[in-house]
Amino acid sequence: MIWPKATDILLAAQFLREKVRHTPIEKSLDLSDITGGSVYLKWENLQPCGSFKIRGALNKMFHMSEEERERGVVTASSGNHAQGVAIAARMLNVKAVIFVPGVCPANKQRAIKRLGGDVVDLRVVGHLYDDAEQAARQLAKSEGLTYVSSYEDHHIICGAGTVGLEMLLDVPDLDMLVVPAGGGGLISGIATIAKALSPGIRIVGVQSVASMPWVVSWQSGRVVDVTYSDSLADGLTGSIPQSLLDLARVRVDDFMAVTEDDIAKAIAFLHRRHHQIVEGAGAVGVAALLSGRVSAKGRRVGVVISGGNIDHEVLMNILEKVTL
């Protein structure tokens, strides 16, 4: 894979203008008081289909050749990327087979079907994300479909990188960005544009202890297999590619992990203090700040709230159990 450049992300931003929302970035007075820094939250949960993933999916699908579209596409997703692909497939009238794992929440599965309509064939396979990706890649090979990766793809990364571009356009003097880290598309894109615009800015990726291949692989520079377990941050689970680990070691400063309890507290905090519905994957950055695992003291910190597609029952259970 050719590493994206800042100009590629600028081109993606030009293409996506008026196709996605330039989401607000808001100073959190509560988080700023708690952490001793100036903390700004980028509300990607307010995107159409509730996640930043629509940026990369639209950018990828609309840049495919006619021949690729005619073959049809197949993808794997924990739920949010699939919604973006479903929207694009319906707009382009492209047949799309979408694999999701068993842990994909029911609300995300319903949204995929609703957004894609007749052009989408949704299939649930296995339990965790890697099961869905394996099935999707096998189908792409056996039936000649175009595989649309949710993270290891030039256009996907560039679309995701427009999140970072908007953050620094709106708050140019940020000196640290805290970013959810799943497959690596989001943090790779954001780090590319952020380091180009502000070379001294610090980029920190956050995972759950339930799935932390970035953290385990970071020091050695080689992808290490880890054991995965169910997580509130279902959108971040799964393995990572060596290509994006190589890129991250040039453009990202650090990775760290938060606990499932940390994530639950962050979801409740964002609901009660900001009146926002945020899924586990979207809340890990706030979890890192609230838990003290990332220090914001004396810094101007931007935190990516990557999505809001949390299952209603899961949210209600968290709000009942978590006290702040």
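Thresholds applied
- Residues numbered from 1 in each chain as written.
- Predicted model: local features only at pLDDT ≥ 70, side-chain atom pairs only at ≥ 80, totals over all residues.
- Heavy atoms only, no water.
- Pairing = 2+ DSSP bridges.
- Helix = DSSP H or I, 4+ residues; strand = E, 2+ residues; numbered from the N terminus.
- Contact = heavy atoms within 4.5 Å.
- Axes fitted to C-alpha atoms, helices over the stretch in contact; angles between N-to-C directions.
- Buried < 20%, exposed > 50% of the residue type's maximum accessible area, 1.4 Å probe, protein only.
- Right-handed = clockwise from strand over helix to strand, strands pointing away.
- Core = buried A, V, L, I, M, F, W, Y, C linked by side-chain atoms within 4.5 Å.
- Salt bridge = Lys/Arg side-chain N within 4 Å of Asp/Glu carboxyl O.

A.B. asks: Just checking my understanding: could you explain the sheet that holds strand β3 (residues 73–76) for this structure?
C.D. replies: What holds strands together in a sheet is hydrogen bonding between their backbones, with the strands either parallel or antiparallel. If you trace the 4 strands from one edge of the open sheet to the other, you get β5-β4-β3-β6, paired in parallel fashion. Lying at the two open borders of the sheet, with one neighbouring strand each, are β5 (120–124) and β6 (146–147). Bridging between β3 and β6 involves 2 bridges; their strand directions are parallel. Along β6, the bridge assignment pairs Val 74 with Tyr 147. Where helix α6 (residues 106–116) meets the sheet, its contacts fall on β4 (96–100) and β5, and the angle it forms with β5 comes to roughly 165 degrees.

A.B. asks: Any chance you could explain the sheet that holds strand β1 (residues 25–27) here in plain terms?
C.D. replies: A sheet is described by the order of its strands in space; here 6 strands give the open sequence β1-β2-β10-β7-β8-β9, paired in mixed fashion. Each edge of the open sheet is held by one strand with a lone partner, namely β1 and β9 (254–258). Strand-to-strand, the axes of this sheet are offset by a mean angle of 25 degrees, without reference to chain direction. Bridge count for strand β7 (residues 176–180) against strand β10 (residues 300–305) is 3 bridges, and the pairing is parallel. Across the sheet, residue Val 178 finds its bridge partner in β10, namely Val 303. Helix α12 (residues 260–274) contacts β1, β2 (38–43), β8 (202–208), β9 and β10 of the sheet and is inclined by roughly 85 degrees relative to β2.

A.B. asks: How do you make sense of the environment of Ala 266 when you look at a structure like this?
C.D. replies: Along the chain, Ala 266 turns up in helix α12. Remark: the alpha-carbon pair of Ala 266 and Met 316, spanning 50 residues in sequence, is separated by 14 Å. Setting aside chain neighbours within four positions, we find Ala 266 in contact with Ala 283, Val 286, Ala 287 and Leu 290.

A.B. asks: Before we go on, may I ask you to explain the pairing of β7 in this structure?
C.D. replies: Where a strand is regular, its side chains alternate between the two sheet faces. Extensive coverage of β7 is indicated by the burial of 5 of its 5 residues. Covered by surrounding structure in β7 are Met 176, Val 178 and Pro 180 together with Leu 177 and Val 179, the residues of both alternating faces. Looking at chain direction, β7 and β8 are connected through 5 bridges and run parallel. Bridge pairing in β8 links Val 179 to Gly 205. In terms of handedness, the path from β7 via helix α9 (residues 185–197) over to β8 forms a crossover that is right-handed.

A.B. asks: Honestly, the nonpolar core in this entry has me stumped. Any pointers?
C.D. replies: Inside soluble globular proteins, nonpolar side chains tend to come together where they are buried. Counting 42 residues, the largest nonpolar core has Val 74, Leu 174 and Leu 177 as its most contacted members. For this core, the secondary-structure elements that each account for two or more residues are β3, β4, α7 (129–143), α8 (154–170), β7, α9, α10 (213–218) and α11 (242–251). Top element by residues in this core is α7. It accounts for 6 residues. Leu 177 has contacts with Met 167, Ile 190, Ala 194, Ile 201, Arg 202, Ile 203, Val 204 and Gly 302, leaving out every residue within four places of it along the chain. Judged by nonpolar contacts, the second largest core, of 37 residues, contains Leu 31, Val 39, Val 294 and Ile 310.

A.B. asks: How should the environment of Asp 173 be read in this particular structure?
C.D. replies: If you trace the backbone, Asp 173 turns up in the loop between α8 and β7. Taking relative accessible area as the criterion, Asp 173 reaches 43% and is therefore assigned partly exposed. Between the alpha carbons of Asp 173 and Gln 242 there is a distance of 32 Å; along the sequence they are 69 residues apart.

A.B. asks: I keep staring at the pattern of salt bridges and nothing clicks. Help me out?
C.D. replies: Once the charged atoms of two side chains with opposite charge are near each other, the side chains can pair. Per the stated rule, a full pass over the model turns up 16 salt bridges. The residue Asp 121 makes a salt bridge to Arg 123 at a minimum N-O spacing of 2.8 Å. Residue Asp 121 is classed as partly exposed on the basis of its relative accessible area of 31%. A salt bridge links Asp 262 to Arg 293; the nearest nitrogen and oxygen atoms lie 2.6 Å apart. Placement of the pair is Asp 262 in helix α12 and Arg 293 in the loop between α13 (280–290) and β10, with a sequence separation of 31 residues. A relative accessible area of 13% means that Asp 262 is categorised as buried. The structure contains a network of salt bridges with shared partners spanning Lys 42, Glu 44, Arg 55 and Glu 166.

Function cannot be read off these values alone, since they describe shape.
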